[in-house]
Amino acid sequence: MSRMNAHRRLILLLGLLVASMMISIALGDQSFTPKRLVSILLGGGDETQRMILLSFRLPRVFMTVLVGMALAVSGVLMQCVLRNDLVEPGIMGVASGGNLGITLAVIFGGSQIDSPWTMPAMSMICAMMTVLIVCLLAYDGSAMLPTRLLLTGVAVSTGIGAFTLVLSLHIDRQAYAQALAWLAGSFSKSDWNYVTVLACWLLGTIPFTLAVHNILDVLRLREEVSRSLGLPVDRWRIILLLFGVMLGASAMSAVGSMAFVGLVAPHIGRRLVGHSHRYLIVAASIVGAISTLLADTIGRIAFLPIEMPAGVIVSVLGGIYFLYLLVTARS
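I will try to describe carefully the structure that is included in this document. (Residues numbered from 1 in each chain as written. Predicted model: local features only at pLDDT ≥ 70, side-chain atom pairs only at ≥ 80, totals over all residues. Heavy atoms only, no water.)

What follows concerns the pattern of salt bridges. One pass over the full model with this rule turns up 5 salt bridges. Of the charged contacts, one joins Asp-296 and Arg-300 as a salt bridge, the two residues approaching to 3.7 Å between their closest N and O atoms. Residue Asp-296 and its partner Arg-300 are located together in helix 13 (residues 277-301), separated by 4 residues, close to a single helical turn. Residues Asp-296 and Arg-300 agree in their burial class; the two are buried. In this structure, a network of salt bridges that share partners links the residues Arg-60, Asp-296, Arg-300 and Glu-307. (Salt bridge = Lys/Arg side-chain N within 4 Å of Asp/Glu carboxyl O. Helix = DSSP H or I, 4+ residues; strand = E, 2+ residues; numbered from the N terminus. Buried < 20%, exposed > 50% of the residue type's maximum accessible area, 1.4 Å probe, protein only.)

Spelled out as structure tokens, the structure:
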């Protein structure tokens, strides 16, 4: 794809993201017209409207965008490192490790956890430890092959998932309901503290991935071709895998499991701008943000007064997308 076409599609995606953010901010239990939104942002409206918009809607929308971007870029990095387009952050143990951390936090903290940072911290720590175990088991003393990493990740994820299920049988019903609500993937507890931390994290990681887009392009080639070009494959594989894991873990630690975002967003990004990581990273991050925004908005307004977790909606939309790919591939 030409550079001009890629730029045009990225601009269209960015415009669609802004429009999706405005729609998500405006809709809810109490909806706002565009004129009313501008008035409240400029200091108008009553105290209740300002509280709804500034303390609940805005941080939630920004959190949704940041999580979608983090998961999408994490998916791009992992698919590149493992040279498999069906890989997503959860395949390396990020989701299962994070789920274990949430379960442990509930076990030790009970149904009432005072600090809002306890569950995210436990989730991220356990996710990182799980991936470390996967890497140690996959390393054969000389190299870390993508296939070995992938299979080890699946095995460790399955084992930790089973262990988490056993642990969940020994916690009380109220605490289990709290953990289950978190694991379903919900943005209901979003606030400006989470937004600030995740935004700072993305500002430090996504520019790095864009700066090494040429290395990502080389890593997608066959193993012998990458090595013949003089690239230290194992070193870059570990570095990029680490960044991908940290992005996925930081996103899931804040909102719980969000299946399919890290898998679907890179797929759609490639169909829009091609395989060059210079454009793919940007396109996938915007698609990921739009996907989570769409899922969260549907979950908030489609089943009022009940709120459906965004993780459930994302799973449904992701499943529909892959069924579509399956049907179109056969035709």
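Structure shown, so let's carry the discussion forward.
For the rest of this paragraph, the subject is the environment of Tyr-321. Along the chain, Tyr-321 falls in helix 14 (residues 310-330). Overall, the relative accessible area of 15% leaves Tyr-321 in the buried class. Along the chain, Tyr-321 and Val-264 lie 57 residues apart, while their C-alpha atoms are 7.9 Å from each other. In contact with Tyr-321, other than residues within four places in its own chain, are Val-264, His-267, Ile-268 and Arg-271. (Contact = heavy atoms within 4.5 Å.)

Notably, Arg-83 is not glycine yet its phi reads approximately 50 degrees, a positive angle. Structurally, the position occupied by Arg-83 is in the loop between helix 3 (47-81) and helix 4 (94-109).

Here the focus is empty space enclosed by the protein. Enumeration according to the criterion identifies 1 cavity of 30 Å³ or more in this entry. For the largest cavity, the calculated volume is near 40 Å³. Along its surface, the largest cavity is lined by 10 residues, and Asn-99, Ser-123, Met-252, Gly-256 and Ser-257 are the ones closest to its centre. Those elements giving two or more residues to the lining of the largest cavity turn out to be helix 4 and helix 7 (173-183). At 4 residues, helix 4 tops the list of elements feeding residues into the lining of the largest cavity. When the residues that make up the lining of the largest cavity are grouped by side-chain class, the tally is 5 nonpolar, 5 polar and no charged. (1 Å grid on protein atoms, 1.4 Å probe; cavity = no way out; pocket = protein on both sides within 12 Å on 5 of 7 lines; lining within 4 Å. Points joined across faces, edges and corners; volume = space filled by probe spheres on them. Nonpolar A, V, L, I, M, F, W, Y, C, P; charged D, E, K, R; others polar.)

The geometry of helix 5 (residues 118-138) relative to helix 6 (residues 146-168) is characterised by a closest axis approach of 9 Å and an angle of 135 degrees between their N-to-C directions. Here helix 5 is positioned oblique relative to helix 6, judged by the angle of their axes. Helix-helix and strand crossings are classified by hand; for helix 5 and helix 6 the assignment is right-handed. Contacts between helix 5 and helix 6 involve Thr-130, Val-134, Cys-135, Leu-137 and Ala-138 from the first element and Arg-148, Leu-149, Thr-152, Gly-153, Val-156 and Ile-160 from the second. Counted by class, the contact of helix 5 with helix 6 contains 7 nonpolar, 3 polar and 1 charged residues. (Axes fitted to C-alpha atoms, helices over the stretch in contact; angles between N-to-C directions. Parallel < 35°, antiparallel > 145°, perpendicular 65-115°, else oblique. Left-handed = near helix turned anticlockwise from the far one by under 90°.)

In this section: the environment of Phe-187. By the secondary structure assignment, Phe-187 is in the loop between helix 7 and helix 8 (192-211). Judged by its relative accessible area of 1%, Phe-187 is buried. Sequence separation of Phe-187 and Leu-229 is 42 residues, and the distance between their C-alpha atoms is 44 Å. In this structure, Phe-187 is in contact with Arg-60, Met-63, Thr-64, Val-67, Val-255, Met-258, Asp-296 and Ala-310, ignoring residues within four places of it in sequence.

This part takes up the side chain of Arg-300. The class for Arg-300 is buried, based on a relative accessible area of 11%. Within the structure, Arg-300 has its side chain in polar contact with the backbone oxygen of Ser-24 (distance 2.7 Å). (Polar contact = N/O pair within 3.5 Å; in protein donor to acceptor, adjacent residues only side chain to side chain.)

Further remarks concern the nonpolar core. Ranked by internal contacts, the top residues of the largest apolar core, which has 86 residues, are Leu-17 and Met-63. Beyond its immediate sequence surroundings of up to four residues, Met-63 is in contact with Phe-187, Ser-190, Tyr-194, Val-195, Leu-198, Ala-254 and Val-255. Listed in part, the 5 residues of the second largest apolar core include Ala-105, Val-106, Met-119 and Ile-171. (Core = buried A, V, L, I, M, F, W, Y, C linked by side-chain atoms within 4.5 Å.)

A few words now on the packing of helix 1 (residues 3-26) against helix 12 (residues 261-273). Following both chains from N to C, one finds helix 1 and helix 12 inclined at 135 degrees, their axes separated by 9 Å at the closest point. When the interaxial angle is binned, helix 1 and helix 12 end up oblique. Packed against helix 1, whose contacting residues are Ala-6, Arg-9, Leu-10 and Leu-13, the element helix 12 presents Arg-271, Leu-272 and Val-273 at the interface. Its residues placed into classes, the contact of helix 1 with helix 12 shows 5 nonpolar, no polar and 2 charged.

Moving on to the packing of aromatic side chains. Under the counting rule described, the total for this entry stands at 2 aromatic pairs. Residues Phe-208 and Phe-243 carry aromatic rings whose centres are separated by 4.4 Å and whose planes lie at 20 degrees to one another, so their mutual orientation is stacked. Here Phe-243 lies in helix 11 (residues 233-255) and Phe-208 lies in helix 8, a separation of 35 residues in the sequence. Assessed through its relative accessible area of 25%, Phe-208 is described here as partly exposed. (Phe/Tyr/Trp six-rings, centres within 6.5 Å; stacked < 30°, edge-to-face > 60°.)

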